[in-house]
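Observations on the three-dimensional arrangement
The chain contents come next:
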Amino acid sequence: MQYSQKVLDHFMKPHNLGKLEKANAEATEGSPACGDQVSIWLNVNEKTKIIEDIGFLSYGCASNIATASIITDMAKGKTIEEAKAISWKEAAAELDGLPPVKMHCSVLAVDTLRKAIKNYELAHHLIKADKGALNKEMVLAELAKILYPKVGEDLISLKMVKYAGVSEDGNVTVDVEIPKFDKFRENVAEEIREHLEKLPGVKDITINI
Ligand code: FES
């Protein structure tokens, strides 16, 4: 696998590594695609809402460490609104690209940053808890109920789900990896659709299989 020099630099010498002593928000997220994990701590200025300090710990692959390192660099000094807008594509571009099979690593880093910001906003009553509203956890919980007929285990345990995301207006996107000529492809796609349609607030479902 070919990594850019920038990925290697951030992997060998990660920036902002470690838990913050004085954090006022944190989040830990895992990737359904590989089981890796990232934790991010924030120290947000209560008045200006600027992220004054940020730290991370990674329990995962080289791209996981490199993307967490770059994303914390990108977020530091930004307001929480600005930091929320950082996309995983920007993070990957900032690293001069990632191998296609490692793109989910940058998704994981961005998801974790956004979750930490959301936790800050919740704790400071800047947003309301959206109890019962559609979220990624609900989608993953549904996908964990779907068995891959060939093996008899669920899609999450088999690490077949490479990405699951929910947009604010209720569009659900799921990327599933199934061999091209697998006769169960259509069945699995249909079952995913049936399961996800039942969730509250779903407007549209895109299944990339
Ligand atoms: Fe899964 Fe990198 S985070 S392989």
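All of these numbers come straight from a predicted model, not from anything done at the bench. (Residues numbered from 1 in each chain as written. Predicted model: local features only at pLDDT ≥ 70, side-chain atom pairs only at ≥ 80, totals over all residues. Heavy atoms only, no water.)

Helix and strand counts for the protein stand at seven helices and eight strands. Taking the principal axes of the C-alpha coordinates as reference, the protein spans close to 55 × 45 × 25 Å. Put simply, the protein has 209 residues, and 44% of those count as buried. In the protein, the share of contacts with a sequence separation of at least 24, taken over all contacts with a separation of at least 6, comes to 61%. Just so you have it, the protein exposes about 11,100 Å², and 52% of that area is on carbon and sulfur atoms. Each charge class in the protein can be summarised by its mean position, and for the 27 positive and 32 negative side chains these summaries are 1 Å apart. (Helix = DSSP H or I, 4+ residues; strand = E, 2+ residues; numbered from the N terminus. Buried < 20%, exposed > 50% of the residue type's maximum accessible area, 1.4 Å probe, protein only. Contact = heavy atoms within 4.5 Å. Areas by Shrake-Rupley, 256 points an atom, 1.4 Å probe, with all protein chains shown as cover. Lys, Arg positive; Asp, Glu negative; His and termini not counted. Charge placed at Lys NZ, Arg CZ, Asp CG, Glu CD.)

A few words on the sheet that holds strand β3 (residues 51-59). The strand order across the open sheet formed by three strands is β1-β2-β3, and the pairing between neighbours is antiparallel. Edge positions in the open sheet fall to β1 (25-30) and β3, since each of these has one partner strand only. Strand-to-strand twist of the sheet, defined as the mean angle between neighbouring strand axes without regard to direction, takes the value 15°. This element, helix α2 (residues 62-75), spans β2 (37-44) and β3 of the sheet and lies at about 175° to β3. (Pairing = 2+ DSSP bridges. Axes fitted to C-alpha atoms, helices over the stretch in contact; angles between N-to-C directions.)

Our focus in this paragraph is the nonpolar core. Formed by 31 residues in total, the largest nonpolar core has its most connected members in Ile40, Leu42, Ile51, Ile71 and Leu113. Contributing elements (two or more residues each) for this core: β1, β2, β3, α2, α3 (80-84), α4 (88-94) and α5 (103-123). Once you skip the residues sitting within four places of it in the chain, Ile71 turns out to touch Ile40, Ile86, Ala91, Ala109, Val110 and Leu113. Core analysis: the next-biggest nonpolar cluster, separate from the first, contains 20 residues, Leu143, Val172, Leu196 and Ile207 among them. (Core = buried A, V, L, I, M, F, W, Y, C linked by side-chain atoms within 4.5 Å.)

Further remarks concern the side chain of Ser63. With respect to the helices and strands, the residue Ser63 is situated in helix α2. Classification of Ser63 as buried rests on a relative accessible area of 0%. In this structure the side chain of Ser63 is engaged in a polar contact, spanning 3.1 Å, whose partner is the side chain of Tyr3. Setting aside residues up to four positions removed in sequence, Ser63 forms contacts with Tyr3, Leu98, Lys102 and Cys105. (Polar contact = N/O pair within 3.5 Å; in protein donor to acceptor, adjacent residues only side chain to side chain.)

The geometry of an aromatic ring pair comes down to the distance between the two centres and the angle between the two planes. All chains considered together, the criterion is met by one aromatic pair. Look at Tyr148 and Phe184: their rings are 6.3 Å apart centre to centre, the planes differ by 80°, and that puts the pair in the edge-to-face class. Of the two residues, Tyr148 is situated in strand β4 (residues 147-148) and Phe184 in the loop between β7 (171-176) and α7 (185-197); the sequence distance between them amounts to 36 residues. Residue Tyr148 is classed as buried on the basis of its relative accessible area, which comes to 6%. (Phe/Tyr/Trp six-rings, centres within 6.5 Å; stacked < 30°, edge-to-face > 60°.)

Time to look at the pattern of salt bridges. In total, this model carries nine salt bridges according to the counting rule given. Between Lys136 and Glu29 there is a salt bridge whose closest N-O contact spans 3.8 Å. On the criterion of sequence distance, the pair formed by Lys136 in helix α6 (residues 136-143) and Glu29 in strand β1 is long-range, its members being 107 residues apart. Exposure remark for Lys136: the relative accessible area of 15% places this residue in the buried category. (Salt bridge = Lys/Arg side-chain N within 4 Å of Asp/Glu carboxyl O.)

On to the sheet that holds strand β8 (residues 204-208). In spatial order, the strands read β6-β7-β8; together these three strands make up an open sheet with mixed pairing. Of all the strands in the sheet, the pair left with one neighbour each is β6 (161-166) and β8. Between one strand axis and the next, the sheet turns through 10° on average, direction left out of account. Bridging between β7 and β8 involves five bridges; their strand directions are parallel. Opposite Thr173, over in β8, you have Thr206 as the bridge partner. Where α6 meets the sheet, its contacts fall on β6 and β7, and the angle it forms with β6 comes to roughly 140°. Running at roughly 155° to β8, α7 makes contact with β7 and β8 of the sheet.

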